[in-house]
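Below, each chain spelled out in residue letters.
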Amino acid sequence: AAGVIQSPRHLIKEKRETATLKCYPIPRHDTVYWYQQGPGQDPQFLISFYEKMQSDKGSIPDRFSAQQFSDYHSELNMSSLELGDSALYFCASSDGQGAGELFFGEGSRLTVL
Amino acid sequence: GIQVEQSPPDLILQEGANSTLRCNFSDSVNNLQWFHQNPWGQLINLFYIPSGTKQNGRLSATTVATERYSLLYISSSQTTDSGVYFCAVDNYGQNFVFGPGTRLSVLP
């Protein structure tokens, strides 16, 4: 069965650079979530989209933005990167908001030097 | 917002032993999932269990929604069970809140 696809899997950037992460949800899933997981931490919710509209916002820095496109894939854009942005970034998708089972991608590991 | 606690924070087992992991949450939920994060960082779905009991091989889970807790049972543990076990809940909001996790190490 198709799973959530994230790219790139690994990314190395310098401070103050920009990075873009992509997420392709499971086919027919209409809700996408982004989470950030620092070393030794639990995943923290950043932002979610339902039917291409932002549905909820968590602890996402103002330097980050995201959107969901007409084909339901989503992109997380991160600018003015800081050392503290180094983390594992997960995308998840579900069928419907808050009621459907959540499925995660394998994550994108961002390292900021 | 909803608070999620997990216990124990760390657990070391000998291969073949059984264990019980607990997840407490501070408010009613309409969704609860258990995940296993393996040493490579992947989050693997174990159970989607807002209420009731489910079993899958050596693993089973029970959620008592009225008492705001869920239990994950691991029987005959194997070294491949090592990793972090997360409980995540959604209390009718738009996102899922994770607990701090239980770090399990199964020794050969």
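Structure shown above.
Positions within a chain are numbered from 1, following the residues in the order the chain's sequence is written. All chains are assigned letters beginning at A, and all ligands numbers beginning at 1, according to the order in which they are written. Only residues with pLDDT of at least 70 are given local features in this predicted model, and only at 80 or more are side-chain atom pairs given and counted; all residues enter the totals for whole chains, interfaces and linings. Side-chain descriptors were evaluated using all non-hydrogen atoms of the structure, hydrogens and water having been removed beforehand.

Asks: So what exactly am I meant to see when it comes to the sheet that holds strand E1 (residues 5-7) of chain A here?
Replies: Remark on secondary structure: sheet strands pair via backbone hydrogen bonds, oriented parallel or antiparallel. All names here are of chain A. Spatial ordering of the open sheet is given by E1-E3-E8-E7, a layout of 4 strands whose pairing is antiparallel. For this open sheet the edge positions go to E1 and strand E7 (64-68), each flanked by a neighbour on one side alone. Adjacent strand axes in the sheet meet at a mean angle of 15°, parallel and antiparallel pairs treated alike. With 5 bridges joining them, E7 and strand E8 (residues 74-78) adopt antiparallel strand pairing. In the strand pairing of E8, Gln68 is matched with Ser74. One requirement defines pairing of two strands: DSSP has to find at least two bridges between them. Secondary structure follows DSSP: runs of H or I at least 4 residues long count as helices, runs of E at least 2 residues long count as strands, and numbering of each begins at the N terminus. All axes here are fitted lines through C-alpha atoms, helices being fitted over the stretch that makes contact, and every angle between N-to-C directions spans 0 to 180 degrees.

Asks: What is the right way to read the interface of chain B and chain A from this model?
Replies: Tallying the contact residues gives 19 residues for chain B and 21 residues for chain A. Once two parts are joined, some of their accessible surface, as seen by a 1.4 Å probe, is lost; buried area is that loss totalled over both. Across the chain B to chain A interface the summed buried area is about 1700 Å²; carbon plus sulfur atoms make up 50%. Residues adjacent in sequence count toward polar contacts only when both atoms are side-chain atoms; beyond that, a polar contact is any pair of N or O atoms within 3.5 Å, and within protein one must be able to donate a hydrogen and the other to accept it. Counting the contacts that link chain B with chain A gives 8 residue pairs in polar contact (both at pLDDT 80 or more). Elements that contribute at least two residues to the side of chain B that touches chain A include exactly strand E4 (31-37), strand E5 (43-48) and strand E9 (83-90) of chain B. The contact rule is simple, with two residues in contact once any of their heavy atoms fall within 4.5 Å.

Asks: Help me understand the state of the cysteines in this model?
Replies: Disulfides are covalent bonds that link the sulfur atoms of two cysteine residues. Residues and elements named next belong to chain B. Here, a disulfide means two cysteine sulfur atoms that sit within 2.5 Å of each other. Scanning the entire structure with this criterion turns up 2 disulfides over all chains. The disulfide bridge from Cys23 ends at Cys87, spanning 2.0 Å between sulfur atoms. Measuring the twist about the S-S bond at about -50°, one finds the Cys23-Cys87 disulfide to be left-handed. Taken together, the residues span a long stretch of sequence, with Cys23 in strand E3 (residues 19-25) and Cys87 in strand E9 at a distance of 64 residues. Here Cys23 falls in the buried class, since its relative accessible area comes to 0%. Buried residues are those whose accessible area, probed at 1.4 Å on protein chains only, stays under 20% of the maximum for their type, while exposed residues exceed 50% and partly exposed ones sit between those limits.

Asks: I'm lost on the pairing of strand E3 (residues 19-24) of chain A in this one. Help?
Replies: Regular strands place their side chains on alternate faces of the sheet. Residues and elements named next belong to chain A. Burial along E3 is one-sided: the face carrying Ala19, Leu21 and Cys23 is buried and the face carrying Thr20, Lys22 and Tyr24 is not. With 3 bridges connecting them, E1 and E3 associate as antiparallel partners. The partner of Ile5 across the bridge, within E3, is Tyr24.

Asks: Could you clarify how one ought to interpret the pairing of E3(B) in this entry?
Replies: All names here are of chain B. What you see with E3 is a clean split: Ser19, Leu21, Cys23 and Phe25 sit on the buried side and Thr20, Arg22 and Asn24 on the side with no burial. Sheet analysis places strand E1 (residues 4-7) next to E3, joined by 4 bridges and oriented antiparallel. Note on E3: the bridge partner recorded for Val4 is Phe25. When E3 meets strand E8 (residues 69-74), the two strands line up antiparallel, connected through 6 bridges. Note on E8: the bridge partner recorded for Thr20 is Tyr73.

Asks: What's the story with the sheet that holds E3(B) in this structure? I'm lost.
Replies: Residue and element names in this part refer to chain B. Taken together, 5 strands build an open sheet; the order of strands is E1-E3-E8-E7-E6 and the sheet is antiparallel. Of all strands in the sheet, those with a lone pairing partner are E1 and strand E6 (52-56), marking the two edges. On average, adjacent strands in this sheet sit at an angle of 15° to one another, irrespective of strand direction. Relative to E8, strand E7 (residues 59-64) runs antiparallel, the two sharing 6 bridges. Pairing of Ser60 across the sheet is with Tyr73, part of E8.

Fair warning: the whole summary comes from geometry, so function is off the table for now.
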